[in-house]
Amino acid sequence: MGESTVKTQEGLSGRTATPSPIPEEETVAGAGNEVAAAPEAAEDRTWLQHLRAPRRPRIWFEILLIAVSYWTYSLIRNAVPEQKAKALRNADWIWEAEKTLGIAVEQTINHAMNSVTWLIVGMNYYYATLHFIVTIGVLVWLFRHHPGRYAAARLVLFATTAVALLGYYLYPLAPPRLMNGQQFIDTVLRHETWGSMASGDLKHMSNQYAAMPSMHIGWSLWCGLIIFAFASAPWAKILGLLYPTLTLLVIVSTANHFWLDAVGGMLCLAFGMALSYAWYGSPPYRLPRQVDDERPRRRPQAA
């Protein structure tokens, strides 16, 4: 037993290793290439991470970006063919669909609110002004108090608005006040109030048949969710939730939108939130509130 074990060990020790089919020089060279490629790949990852990393926004860049973006949005929205006949057919279809669903109460609300003059006049001015004032106000508040979350939240708003343009092109829709034979009241014309870009003297400056989706809802819901998520005061959180709710009542009361237009605005916002999450890997409220101004420096390359 002992002798056989010794012979086996001697036989194994006497064997020589099988030579590698890859020459030693090529192995060394390949290892060198891998070492050289590793820093390059790491540098690419660092560059991508740098683009996605929260950073302090620059005031001049943000003003220019918002101004150019809104100008582009307005230009494209108003350049979409109005397609009146198709827009009216789509409005009839939406109205019938809501009747089938049992939610076609826009006309009742429109007439009820119109019977209270001071209330409907206030809603007309609300529709014409707060859409812009509150949205810009929230952007400024984010810029000053939540700079680390600003870019991600702004991306949600911009993506929401961009995808809405696709809706205006693919699905022209007349607002209820322009429908034939449905007796909706155009409250801006009835009370001769200022502000609606789709009624009165300003109606030729805006596309009459871009009601789907409702960006009054898309923007107001963005504002409301941002305020609710970021504000610390309970009263501010409550106001954040009330703002899109009141906006929904206003767009219906003034006969500017159907309920389903609001659903379209919500879907656009959902797209914007998904895109922002995909880019930053996190919802805006989970990103750091404050960021420093330091930027990563490139390491000097070896000679």
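Since the model is a prediction, treat every value here as computed from it, not as a measurement. (Residues numbered from 1 in each chain as written. Predicted model: local features only at pLDDT ≥ 70, side-chain atom pairs only at ≥ 80, totals over all residues. Heavy atoms only, no water.)

Colleague: Tell me about the overall build of the protein chain, residues and numbers included.
Modeller: On a plain count of helices and strands, the protein chain comes out with 11 helices and zero strands. Moving toward the C terminus, one meets the helices and strands of the protein chain in the order α-α-α-α-α-α-α-α-α-α-α. Long-range pairs, those at least 24 residues apart, make up 85% of the contacts in the protein chain between residues at least 6 apart in sequence. (Helix = DSSP H or I, 4+ residues; strand = E, 2+ residues; numbered from the N terminus. Contact = heavy atoms within 4.5 Å.)

Colleague: So what about the packing of aromatic side chains? Which residues, and what values?
Modeller: Summed over the entire model, instances satisfying the criterion amount to five aromatic pairs. With centroids separated by 6.2 Å and ring planes inclined at 40°, the aromatic side chains of Trp 95 and Phe 258 adopt a geometry described as tilted. Here Phe 258 lies in the loop between α10 (234-253) and α11 (259-280) and Trp 95 lies in helix α4 (residues 84-101), a separation of 163 residues in the sequence. What makes Phe 258 buried here is its relative accessible area of 0%. Aromatic side chains Tyr 126 and Tyr 243 sit 6.4 Å apart centroid to centroid with 40° between the ring planes, which places their arrangement in the tilted category. Taken as a pair, Tyr 126 in helix α6 (residues 117-145) and Tyr 243 in helix α10 lie far apart in primary sequence, 117 residues in all. On the accessibility criterion, Tyr 126 (14% relative accessible area) is buried. Judged by its relative accessible area of 12%, Tyr 243 falls in the buried class. Put simply, the rings of Trp 95, Phe 184 and Phe 258 touch in pairs and so form one group of aromatic residues. (Phe/Tyr/Trp six-rings, centres within 6.5 Å; stacked < 30°, edge-to-face > 60°. Buried < 20%, exposed > 50% of the residue type's maximum accessible area, 1.4 Å probe, protein only.)

Colleague: Explain the pattern of salt bridges to me, and be specific about the residues and the numbers.
Modeller: Per the stated rule, a full pass over the model turns up three salt bridges. Arg 154 serves as the salt-bridge partner of Glu 62, at 2.7 Å between the closest nitrogen and oxygen. Note that Glu 62 is positioned in helix α3 (residues 59-79) and Arg 154 in helix α7 (residues 147-170), a separation of 92 residues in sequence. A salt bridge links Lys 99 to Glu 96, with the nearest nitrogen and oxygen atoms 3.6 Å apart. Remark: Glu 96 and Lys 99 occur in helix α4; sequence separation between them is three residues, near one turn of the helix. Residue Lys 99 is classed as partly exposed on the basis of its relative accessible area, which comes to 43%. You can call Glu 96 partly exposed: its relative accessible area is 44%. (Salt bridge = Lys/Arg side-chain N within 4 Å of Asp/Glu carboxyl O.)

Colleague: So, α3: which residues are in play, and what are the values?
Modeller: For α3, spanning 21 residues, the distance from its first C-alpha to its last is 30 Å, which sits close to the expected 30 Å at 1.5 Å a residue. Where α3 is buried, its residues touch α6, α7 and α9 (215-230). (Expected span 1.5 Å × (residues − 1).)

Colleague: Before we move on, could you go through unusual backbone geometry and cite the residues and values that matter?
Modeller: A negative phi angle is the norm for most residues apart from glycine, just as the trans form is the norm for most peptide bonds. That bond from Met 212 to Pro 213 is cis: its omega, 5°, falls within 30 degrees of zero. As for its placement among the helices and strands, Pro 213 is situated in the loop between α8 (187-191) and α9. At Gln 183, a residue that is not glycine, the phi angle is positive and equals roughly 65°. Although it is not a glycine, Ala 255 sits at a positive phi angle of roughly 60°. Within the element layout of this structure, Ala 255 appears in the loop between α10 and α11.

Colleague: Could you give an account of the confidence of the model for the protein chain, naming the residues involved and the relevant values?
Modeller: Across the protein chain, pLDDT averages 81, with 74% of residues at or above 70. Every residue in residues 5-18 scores below 50 in pLDDT, and together they form zero contacts with partners more than four places removed in sequence or on other chains. Below pLDDT 50 for its whole length, residues 20-38 participates in one contact with residues either more than four positions away or in separate chains. (pLDDT = per-residue confidence, 0-100.)

Colleague: I'd like a rundown of the side chain of Asp 261, residues and numbers included.
Modeller: Mapped onto the secondary structure, Asp 261 falls in helix α11. Residues contacting Asp 261, with those up to four places away along its chain left out, are Leu 173, Ala 211, Met 212, Pro 213 and Ser 214.

Colleague: Explain the environment of Leu 248 residue by residue, including any values.
Modeller: Note that Leu 248 resides in helix α10. Counting along the chain gives 10 residues from Leu 248 to Phe 258, while the straight-line C-alpha distance between them is 9.5 Å.

Colleague: Can you lay out the environment of Met 179 for me, pointing to particular residues and giving the numbers?
Modeller: Within the fold, Met 179 resides in the loop between α7 and α8. The spatial distance from the C-alpha of Met 179 to the C-alpha of Ala 91 is 7.1 Å, given a sequence separation of 88 residues.

Colleague: Can you break down the nonpolar core residue by residue, with the values?
Modeller: One finds Val 138, Leu 142, Tyr 168, Met 215, Trp 222, Ile 226 and Ile 251 to be the most contacted residues of the largest nonpolar core, which totals 36 residues. Elements with a contribution of two residues or more to this core: α5 (106-114), α6, α7, α9, α10 and α11. For Trp 222, the residues in contact, after removing those within four places along its chain, are Thr 135, Val 138, Leu 139, Leu 142, Ala 153, Val 156, Leu 157 and Leu 269. By size, the runner-up hydrophobic cluster in this structure holds 15 residues, among which are Met 179, Tyr 209, Met 212 and Ala 255. (Core = buried A, V, L, I, M, F, W, Y, C linked by side-chain atoms within 4.5 Å.)

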